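# A structural walkthrough
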Amino acid sequence: MDVSVSYNQEKTAYPGIFGWIFSTDHKRIGVLYLLSIATFFIVGASIGVVMRLEMLTPGQTIVQPRTYNALFTVHGVIMIFLIVLPGVPSIFGNFFLPIQLGAKDVAFPKLNILSWWLYMTGALIAVAGLFVGGGAPDTGWTFYAPYTLKSATNIVMPLFGAFILGISSIITGLNFITTIHRMRCPGMTWNKMPLFAWGLYATAWIQVLANPIVGITLLLVIFEKVFDIGVFDPSKGGDPLLYQHLFWIYSHPAVYIMILPGMGIISEILPTFSKKNIFGYKAIAYSSMLIAIIGSFVWAHHMFTTGMSDIARIVFSFLTFLVAIPTGVKIFNWLATLYGGSIEVKTPLLYALVFIFQFCIGGFTGMILGTLSTDLHVHDTYYVVGHFHYTMFGGLGFALLGGLYYWFPKMFGKMYSEKHSRIALGTLFVGFNTLYFHMLIMGWLGMPRRYYDYLGYFQTLHVTSTIGSWILFVGIFYMMGNLIHAGLKGEKAQANPWGGTTLEWKISSPPPTENFEEIPEVVYGPYERKGGQE
Amino acid sequence: MKAFSPIEKHQDYTGAKMGLWIFLFGELLLFGAMFILYSVFRHWYPQDFHNASRSLNMITGTVHTLVLLTSSLTMVLSITAIQKGNKKLCLTFLFLTILLGLLFMVNKYFEWEHKIHNGIYPGSEFLLAQAKGVMVFFSLYYSMVGIHGLHVIIGIVLLSWIFWEVLKKPDHHSRWDAFLHKDFPGCHLAIVDAQGKEVWKGEVFDDSVKQIHLRVSYHPVKERIHFHDFISLENCGLYWHLVDMIWIFLFPLYYLIS
């Protein structure tokens, strides 16, 4: 086999697109995920823009109340289940985990392509459910019982889609855990593993252990709708609160599925552009595991107003605060990494810095929500909406884009325009903060989330926020246009354009099909620059 | 690059087992969530659960348990047989396992048919007239036993597939490919023994030889059956035991609490 042919040029057993969708090459699967997720993202973001437009004026602006309910449900379902949950692990995890470990592929390549097929199947079932039967669900993405049981809209198909997406996620998780345990190259001890891999490892465990619980919960709701069982329906002796517990036992750790690999990306970008070793390698690596573990025991902080006992609420509030410790450990170590480095300001680094800024706002507002006394006031207001968009979009979203700008030259072998990338980032930054910071203010003033109508008092803030959504939308297309242009017409990228030290920078851009001619041997830490490693 | 390197068929016995164990953790949590629901509702409605459990036939339940336990035994025997290189015995026990799995499902079918015939199913008029705890009991009973039954069916499908795999198994090939065409002219191909002595020697290559493909076929003799080749059988076995084990918890929780 000719080792110099890159993965995207190689001749495969199947022609054209089939060479991709039937491929077991982890890099091709990563690209498949990138394209599918980007497509769904445009849909989800467009729905978001329509929602903001509706909120421009009090009363009806462009859609009916029922449509508005459907819009925020579908926006949530698409964004959470189809984009941020698979997001980083599926795109960059697939593409870079084996390369960073010095392996030729993941442990189970066939399961890997199966997980993409399941992802697409689940996504299509969920999306098809919006158009058949009773139409798009209007219960909110959390599918709380008993709304879900009463709603006449098509709940079953989106839930079944989400169930299949869960299976896809479990498969990806167990694949990554096995890969990390079994396929690290000689010399790569656990403490010489890149931090991105550590992030994925922590994530993979949550994927495997938390997904089955939401899977069965959604399945039971389907059973309630289809077979008339009644575990969550109070009229049949069930209890809707149990639904909330089971749902959040998964869905809270799920936000760490989303953010941990994003933090991994930041831990890759910072040492590369500071031209120095990462500060506090072990602290960053182990704090990922700590976040995963503590994060599994905080779910009931979504339910402070449901009438749980005070003891339970105090315990969950306390545990919620504990998560801030490993998160803070990461942030301080990142800043210390920058300190004293010879910093080269390039787009990926700017994304990382924007991530730290926005994620801090997301984190601090999270602390306010985790405090019992303040949560009672801001619960179910725009404050919550602002908070999770700061963590999920401002945090994870920007980390994902940072990762895309960081690894784009490696993935596609092309360089993008630095100037246009910066303009795009600037637009995204301004748009994002205009959109969501005003949500925080509105929520603090008492604007409830998911309401179709509002008092005239809030209009200035709603209008500002809506204008932010337009800027953000322009930024998204600018960014995508920039990258697509680079992919088609960009200059050829070097093997190591940024001076990165991890293994993916030691092979050509784009990587050859087999990744490495010979399995490499690792002597130094992933970010060490001593001992001849440049 | 070495001139000859076997085409890598990635085989990692420990890795494959690890992957399956992780999957089984997930399965445990899947059922775990339902067991939590069960324990909460049983705590709320102890008397109703007691009453509802009476309508379940303990003898049928015991038969289910015996059938599944026996199938676990035949499963282990089948794996042991292949480890000792006895393919025929392995297939016999595998067949028995599948048969017992089917028997379980048939038994289950008659049990449920009888229940539904008597009007005991979720949403039935009879049940809606009962106490809330009884309704929840049967909601959980049908969900948990139903999902368990689904696992048995998946297990039967997996075992049938593995039966086919074992049946056609030991005929496998290893292939080596080499493309270093500059070096080939003037070489010859040879088979050497452990000391490097040539046992067989081919003709000297001329310029026309650009690639070499070697294929070694293993014939189905007893010595060649190695249990490392049968990781899929072992993994199916582990899955089957998990399904069995979950039934061992379901049985007392539903049939023996009255």
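Everything numeric here is computed off the predicted structure, so don't read it as measured data.

This paragraph deals with the overall build of chain B. Counting its regular elements, chain B contains seven helices and five strands. Along chain B, from the amino end to the carboxyl end, the secondary structure elements read β-α-α-α-α-α-α-β-β-β-β-α. Relative to its 258 residues, chain B shows a buried fraction of 42%. For chain B, the proportion of contacts with a sequence separation of at least 24, taken over those separated by at least 6, is 80%. Of the roughly 14,200 Å² that chain B leaves accessible, carbon and sulfur atoms contribute 65%.

For soluble globular proteins, nonpolar side chains are generally found buried alongside one another. Residues Phe-92, Phe-232, Met-411 and Met-479 of chain A together with Phe-138 and Tyr-254 of chain B are the most contacted members of the largest nonpolar core, which totals 242 residues. Among the elements that line this core, the one with the most residues is helix H8 (residues 195-227) of chain A, at 20 residues. In this structure, Phe-184, Phe-205, Val-209 and Ile-212 of chain B belong to the second largest nonpolar core, which totals five residues.

Another point: helix H9 (residues 240-274) of chain A. Residues and elements named next belong to chain A. The terminal C-alpha atoms of H9 lie 51 Å apart, and with 35 residues this matches the ideal 51 Å at 1.5 Å per residue to within 8%. Within H9, the axis deviates most sharply at Trp-248, by approximately 35°. By the criterion of burial, H9 is predominantly enclosed, with 32 of the 35 residues buried. For H9, the N-terminal cap is Asp-239; the gap from its side-chain oxygen to the backbone nitrogen of Leu-241 is 3.1 Å. In the stretch just after H9, Lys-275 is the one whose phi turns positive, near 55°.

Before going further, it helps to spend a moment on the packing of helix H5 (residues 109-128) of chain A against helix H7 (residues 156-182) of chain A. Residue and element names in this part refer to chain A. Interhelical geometry of H5 versus H7 gives an angle of 165° and a closest axis separation of 7 Å. The angle between H5 and H7 places the two elements in the roughly antiparallel class. In the packing of H5 onto H7, the handedness of the crossing is left-handed. Contacts between H5 and H7 pair Leu-111, Asn-112, Leu-114, Ser-115, Leu-118, Tyr-119, Gly-122, Ala-123, Ile-125, Ala-126 and Ala-128 from the former with Met-157, Pro-158, Phe-160, Gly-161, Ile-164, Leu-165, Ile-167, Ser-168, Ile-171, Thr-172, Leu-174 and Asn-175 from the latter. The residue inventory of the contact of H5 with H7, partitioned by class, reads 16 nonpolar, seven polar and no charged.

Below, the discussion takes up the interface of chain A and chain B. Taken together, the contacts link 34 residues of chain A with 33 residues of chain B. At the boundary of chain A with chain B, total buried surface from both sides reaches about 2,800 Å², with 76% on carbon and sulfur atoms. Its largest share of buried area at the contact with chain B, chain A owes to Arg-182, Ile-216 and Leu-242 of chain A, together 17% of the area lost on that side. The tally of links from chain A across to chain B stands at zero salt bridges. Scanning the region where chain A abuts chain B turns up three residue pairs in polar contact (both at pLDDT 80 or more). When contributions to the side of chain A that touches chain B are tallied by element, the ones reaching two or more residues are H7, H8 and H9 of chain A. With ten residues, the top contributor of residues to the side of chain A that touches chain B is H8 of chain A. Tallied by class, the residues present in the side of chain A that touches chain B amount to 22 nonpolar, six polar and six charged.

Here we come to the packing of aromatic side chains. Residues and elements named next belong to chain A. Taken as a whole, this structure holds 73 aromatic pairs over all chains when the rule is applied. On the numbers, 6.1 Å between centres and 20° between planes, the contact of Phe-160 with Phe-163 is stacked. Here Phe-160 and its partner Phe-163 are both found in helix H7, three residues apart, which amounts to about one turn of the helix. The class for Phe-160 is partly exposed, based on a relative accessible area of 35%. Judged by its relative accessible area of 16%, Phe-163 falls in the buried class.

Let us now look at the packing of H9 of chain A against helix H11 (residues 310-338) of chain A. All names here are of chain A. At a minimum axis distance of 9 Å, the contact between H9 and H11 shows a crossing angle of 15°. As judged from the angle between their axes, H9 and H11 are roughly parallel. Judged by the twist between their axes, the crossing of H9 over H11 is left-handed. Within the contact between the two elements, H9 uses Tyr-256, Leu-260, Met-263, Ile-266, Ser-267, Leu-270, Pro-271 and Ser-274 and H11 uses Val-323, Thr-327, Lys-330, Trp-334, Thr-337 and Leu-338. Residue classes in the contact of H9 with H11 are distributed as nine nonpolar, four polar and one charged.

Basis of the calculations
Residues numbered from 1 in each chain as written. Chains lettered and ligands numbered in written order. Predicted model: local features only at pLDDT ≥ 70, side-chain atom pairs only at ≥ 80, totals over all residues. Heavy atoms only, no water. Helix = DSSP H or I, 4+ residues; strand = E, 2+ residues; numbered from the N terminus. Buried < 20%, exposed > 50% of the residue type's maximum accessible area, 1.4 Å probe, protein only. Contact = heavy atoms within 4.5 Å. Areas by Shrake-Rupley, 256 points an atom, 1.4 Å probe, with all protein chains shown as cover. Core = buried A, V, L, I, M, F, W, Y, C linked by side-chain atoms within 4.5 Å. Expected span 1.5 Å × (residues − 1). Bend = angle between axes of the 7 residues up to and from the residue. Polar contact = N/O pair within 3.5 Å; in protein donor to acceptor, adjacent residues only side chain to side chain. Axes fitted to C-alpha atoms, helices over the stretch in contact; angles between N-to-C directions. Parallel < 35°, antiparallel > 145°, perpendicular 65-115°, else oblique. Left-handed = near helix turned anticlockwise from the far one by under 90°. Nonpolar A, V, L, I, M, F, W, Y, C, P; charged D, E, K, R; others polar. Buried area = accessible area lost by both parts, 1.4 Å probe. Salt bridge = Lys/Arg side-chain N within 4 Å of Asp/Glu carboxyl O. Phe/Tyr/Trp six-rings, centres within 6.5 Å; stacked < 30°, edge-to-face > 60°.

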